[in-house]
Amino acid sequence: MGDYFERVVDVEATDGEAAELAARALDWLVAEGVVTRERDREGMYSPHADEGYAAGPHWTRAVQGDPGWGPGPLAVITGRHHYAGGQGEDEPAYAVCPECAVRTTVIGYPESFVADEEVWAPFRAAVEAWERTGTGDAACPACGTASPVTRWEWCDSYALGTLCFEFWGWPPLADAFVADLTARLGHRTARHMGKF
């Protein structure tokens, strides 16, 4: 069966901004009654958080209709992390160079369902370096230009960020809610769903 999650990842927040943005967004979510400050571990399977914030009395304001069940916790995660869709997936299908806009295929769907290790290895090294140190460059196989991995465009199910809102067991989030959260953050966000 599995557990579903939906993420909103701030892909532009800096290390220095993430904690303050997280606190401001949490204040807003609590004021709106979407979550409470009560901590909850039930149904939390995040690789980056052991507990989250319990759903509030008006949690349905954040979702597309009322499904008839209460959601799990919301993890608010800060720190440099990569995010993938789940089910063992840890690589993106592709990456687009920020300099020449050429798409590099990492997983050649539908012929292959695993990453081409030769293609992915330099990207993985750059992502791991960014997670450890805050900097990591990947060279484009097409134009040869090395660019920070945070400037590369990734497929919809992959994101890099220093701030993430991970909704565990929630019904699909409403587009208007995600747009409002994104506007409050003041940055571009990535949104994806997954299963653990």
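Each remark here, short or long, concerns the structure printed above.
What comes next is a walk through the structure. Small disclaimer: the values here were computed from a predicted structure and weren't measured.

## So, the packing of helix α1 (residues 15–31) against helix α3 (residues 175–185)
Inference 1: Where α1 contacts α3, the axes come no closer than 10 Å and their chain directions differ by 140 degrees. One way to sum up the angle between α1 and α3 is to call them oblique. You can see that α1 and α3 cross each other, and the crossing is right-handed. Of the residues in α3, those touching α1 at L21, R24, A25, W28 and L29 are F177, D180, L181, R184 and L185.

## A few points about the sheet that holds strand β9 (residues 153–154)
Inference 1: The 3 strands lie next to each other as β6-β5-β9, forming an open sheet whose pairing is antiparallel. Bordering the open sheet on either side are β6 (103–105) and β9, each of which pairs with just one other strand.
Inference 2: Sheet analysis places strand β5 (residues 94–96) next to β6, joined by 3 bridges and oriented antiparallel. Across the sheet, V96 pairs through a bridge with R103, a residue of β6.
Inference 3: Helix α2 (residues 117–133) rests against β5, β6 and β9 of the sheet, and its axis sits at about 115 degrees to β6.

## Notes on α1
Inference 1: Here α1 spans 25 Å end to end across 17 residues, near enough to the 24 Å set by a 1.5 Å rise per residue.
Inference 2: Regarding α1, the residues found buried are A18, L21, A22, A25, L26, W28 and L29.
Inference 3: Looking at the buried residues of α1, the elements they touch are β1 (4–10), β2 (35–40), β3 (52–55), β4 (74–84), β10 (158–168) and α3.
Inference 4: Positive phi shows up at G33, right after α1, with a value of about 80 degrees.

## Some words on the nonpolar core
Inference 1: Within the largest apolar cluster, 26 residues are counted, with the highest numbers of intra-cluster contacts made by L29, V35, F165, W170, L173 and F177.
Inference 2: Elements with a contribution of two residues or more to this core: α1, β10 and α3.
Inference 3: When residues in this core are grouped by element, the largest group, 7 residues, is from α1.
Inference 4: With residues near it in sequence (within four places) discarded, F165 still touches E6, R7, V8, A25, L29, L74, A75, V76, L181 and L185.
Inference 5: In this structure, A84, A93, A138 and W152 belong to the second largest nonpolar core, which totals 22 residues.

## Comments concerning the side chain of S147
Inference 1: By secondary structure assignment, the location of S147 is in strand β8 (residues 146–148).
Inference 2: With residues up to four places along the chain from it excluded, the contact list for S147 reads P98, E99, G136, D137, A138 and W152.

## Some details on the environment of C100
Inference 1: Residue placement: C100 occurs in the loop between β5 and β6.
Inference 2: Overall, the relative accessible area of 29% leaves C100 in the partly exposed class.
Inference 3: C-alpha separation for the pair C100 and R24, spaced 76 residues apart in sequence, amounts to 37 Å.
Inference 4: Discounting residues that sit within four places of it in the chain, C100 has contacts with C140, A142 and C143.

Reading guide: rules and limits
- Residues numbered from 1 in each chain as written.
- Predicted model: local features only at pLDDT ≥ 70, side-chain atom pairs only at ≥ 80, totals over all residues.
- Heavy atoms only, no water.
- Axes fitted to C-alpha atoms, helices over the stretch in contact; angles between N-to-C directions.
- Helix = DSSP H or I, 4+ residues; strand = E, 2+ residues; numbered from the N terminus.
- Parallel < 35°, antiparallel > 145°, perpendicular 65-115°, else oblique.
- Left-handed = near helix turned anticlockwise from the far one by under 90°.
- Contact = heavy atoms within 4.5 Å.
- Pairing = 2+ DSSP bridges.
- Expected span 1.5 Å × (residues − 1).
- Buried < 20%, exposed > 50% of the residue type's maximum accessible area, 1.4 Å probe, protein only.
- Core = buried A, V, L, I, M, F, W, Y, C linked by side-chain atoms within 4.5 Å.

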